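Chain by chain, the residues:
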Amino acid sequence: MAELVVALDFDDALDALNMATVLRGQISWVKVGLELFTMEGPRMLHSLKGLGYRVFLDLKLHDIPNTVSRATLACAKGGADLITVHLMGGEHMCRAALDALRTAPSRPLVFGVTVLTSLAEGELPGCQQSLPDLTRTLADHAEHWGLDGVVCSGRECAAIKAQHPDLRCLTPGIRMDYDGADDQKRVMTPAQAVASGSDFLVVGRPITRAADPVAAAAAILADMNAPF
């Protein structure tokens, strides 16, 4: 069954924790991204874990293998339940991240980022493949390299699942049909993403900026569970 992950895209702990408290009992996963982690650091993870959440730490690691190895282990020690690395960092980098977790106190899921959902066709410099083809190629590598899943647009989920049924898909760019897309280009509704095979749906502003975040989360959960 697909899970809803709420992105706590705030720049301070108070706002993030207030939102997490409001949504407590509605969802079990939250996302901490670059902005919040840069401002508040590992203590943010500890606070969210204290509220009973599982934490997706979305830093999209992309560096030389040794640096990513050490950063991955630090994420695990900080309490992350799911972390991301850029598949374009290559095999050695991705395998280094996985190898580092052999000594971790608990092993988080490691998902590889394929192509950001903010990118449209023709916007990735130097890329001769179509975005769907590139995403599928990167997903092939993720499976071969031993990652737990991939981050991809909902538009690519079905093709990835057809080729790799055990590879989990995490899908940003989720919008209800009455929502604006903001800076996302390749979007889907919750029901469409679930029907395509997404295992985790990441939603931020449509919930956290809503007048009633609890009602907004409930509407998205209802759409996720509706017959398609």
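Heads up: the structure comes first, above all this text.
Let me begin by describing the structure that accompanies this report. (Residues numbered from 1 in each chain as written. Predicted model: local features only at pLDDT ≥ 70, side-chain atom pairs only at ≥ 80, totals over all residues. Heavy atoms only, no water.)

Let us look at the overall build of the chain. A count of helical and extended segments in the chain gives 10 helices and 8 strands. Compactness check: the chain gives a C-alpha radius of gyration of 17 Å against a globular reference of 17 Å for 228 residues, within 12% of the reference. Based on the C-alpha atoms only, the size of the chain along its principal axes is roughly 45 × 40 × 30 Å. Per-residue burial over the chain gives 52% buried out of 228 residues. Counting contacts in the chain only where the partners sit at least 6 residues apart, residues at least 24 apart contribute 69% of the total. Put simply, the chain shows about 10300 Å² of open surface, and 52% of that area lies on carbon and sulfur atoms. Considering the chain, the positive charge centre built from 20 side chains and the negative charge centre built from 27 side chains are found 5 Å apart. (Helix = DSSP H or I, 4+ residues; strand = E, 2+ residues; numbered from the N terminus. Rg over C-alpha atoms; globule rule 2.2 N^0.38 Å. Buried < 20%, exposed > 50% of the residue type's maximum accessible area, 1.4 Å probe, protein only. Contact = heavy atoms within 4.5 Å. Areas by Shrake-Rupley, 256 points an atom, 1.4 Å probe, with all protein chains shown as cover. Lys, Arg positive; Asp, Glu negative; His and termini not counted. Charge placed at Lys NZ, Arg CZ, Asp CG, Glu CD.)

Now for the nonpolar core. If you look at the biggest cluster of nonpolar residues, it comprises 65 residues, and the most contacted ones within it are L8, V85, L147, V150 and I207. Ranked by residues supplied to this core, first place goes to helix 6 (residues 131-145) with 6 residues. When sequence neighbours within four positions are dropped, the list of residues in contact with I207 reads L4, V6, L23, P213, A216, A217 and I220. Ranked by size, the runner-up nonpolar core spans 12 residues in total, among them A7, F111, V151 and V202. (Core = buried A, V, L, I, M, F, W, Y, C linked by side-chain atoms within 4.5 Å.)

Moving on: the pairing of strand 1 (residues 3-7). Taking burial as the measure, the 5 residues of strand 1 include 4 buried ones, the bulk of the element. As judged from the 4 bridges shared by strand 1 and strand 8 (residues 200-203), these two strands associate in the parallel manner. Paired with V6 across the bridge in strand 8 is V203. Summarising the sheet, strand 1 and strand 2 (residues 29-32) pair through 3 bridges and their orientation is parallel. In the strand pairing of strand 2, V6 is matched with V30. On the question of chirality, the crossover connecting strand 1 to the parallel strand 2 by way of helix 1 (residues 13-23) is right-handed. (Pairing = 2+ DSSP bridges. Right-handed = clockwise from strand over helix to strand, strands pointing away.)

Sheet architecture is closed into a barrel: 8 strands sit in the order 1-2-3-4-5-6-7-8, paired in parallel fashion. Strand-to-strand twist in this sheet, taken as the mean axis angle between neighbours without regard to direction, amounts to 25°. In the sheet, strand 3 (residues 54-61) pairs with strand 4 (residues 82-86) via 3 bridges, with the strands oriented parallel. By the bridge assignment, L61 is partnered in strand 4 with V85. Most of the contacts of helix 5 (residues 91-100) go to strand 4, to which it runs at about 160°, and overall it touches strand 3, strand 4 and strand 5 (109-113). (Axes fitted to C-alpha atoms, helices over the stretch in contact; angles between N-to-C directions.)

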